[in-house]
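# Structural characterization, general
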Amino acid sequence: MIRSMFAAIASALAFVATVLPVHARDADVYTGTFSSLAVGGYDAVAYFKQNRPVEGVAPFSTDYKGATWRFSSQENLNAFKANPTAYAPQYGGYCAWAVSQGYTASGDPQFWKIVGGKLYLNYDSDVQKKWEKDIPGFIVKGHKNWPGVLGK
């Protein structure tokens, strides 16, 4: 009986380990596997207004595209609510370079750039360096691939 219980638990864990990451990547907005927070809980408006990542706080939150977005102030929350597409990262917050390559990877709120008035996130500093070698070209490729890369 104990063996069958352990086998059932192991089977359930294996299922969860394979299904949850795929489910997280199927979303239009990247939130991670065990989170509902867009941009890792960072304030998307702050990138534009303060030119840096700023952590959001729960009292200044809203839902948009199935994710929870946090902000550092009521003013930034209001700005986002008035025009979310102006502030939300491109490609749903997935890594811009990965999307240009035809797949998805998590976007890290610490590795970002505003280009043409739009926010782009990258996976890490090494990937961001690759992306910075041809930002305009990678944006063109990313736009061609998005949203077809979701679920891959």
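The preceding data block contains the structure.
The structure reproduced in this document is the subject of the present report. Keep in mind it's a predicted model, so treat the numbers as computed, not measured. (Residues numbered from 1 in each chain as written. Predicted model: local features only at pLDDT ≥ 70, side-chain atom pairs only at ≥ 80, totals over all residues. Heavy atoms only, no water.)

### Side note on the nonpolar core
In globular proteins that are soluble, nonpolar side chains generally tend to be buried together. The condition is simple: To define a nonpolar core, start from buried Ala, Val, Leu, Ile, Met, Phe, Trp, Tyr and Cys residues and group those joined through side-chain atoms within 4.5 Å. The buried label goes to any residue with under 20% of its type's maximum accessible area, the exposed label to any with over 50%, and the partly exposed label to all in between, with areas taken from a 1.4 Å probe on protein chains only. Contact between two residues is taken to exist if any of their heavy atoms lie within 4.5 Å; hydrogens are not considered.
Within the largest apolar cluster, 19 residues are counted, with the highest numbers of intra-cluster contacts made by Val-39, Tyr-47, Trp-69 and Phe-80. Excluding anything up to four places from it in sequence, Phe-80 contacts Val-45, Thr-62, Tyr-64, Trp-69, Phe-71, Tyr-87 and Ala-88. Tyr-94, Val-99, Ala-105 and Val-127 belong to the second largest nonpolar core, which has 16 residues in total.

### Thoughts on the packing of aromatic side chains
Operational definition: Each Phe, Tyr or Trp ring, with Trp reduced to its six-membered ring, pairs with another whose centre is within 6.5 Å; inter-plane angles below 30 degrees give stacked pairs, above 60 give edge-to-face pairs, and intermediate values give tilted ones. Over a ring means this: the NZ of a Lys or the CZ of an Arg is within 6 Å of the ring centre and within 35 degrees of the ring normal.
By the definition in use, this model includes 11 aromatic pairs. One cation-aromatic arrangement involves Lys-130 over Trp-97; the distance from NZ or CZ to the ring centre is 4.9 Å.

### Things to note about the pairing of strand E2 (residues 67–71)
Going by this rule: Under the scheme used here, helices are H or I runs from DSSP no shorter than 4 residues and strands are E runs no shorter than 2 residues, and both carry numbers assigned from the N terminus. When DSSP finds two or more bridges between a pair of strands, those strands are recorded as paired.
The buried fraction of E2 is high, at four of five residues. Relative to E2, strand E1 (residues 57–64) is paired through five bridges, and the arrangement is antiparallel. In the sheet register, Tyr-64 faces E2, and the bridge partner there is Ala-67. The turn joining E1 and E2, which pair antiparallel and follow one another in sequence, is formed by two residues; a positive phi near 55 degrees is taken by Lys-65.

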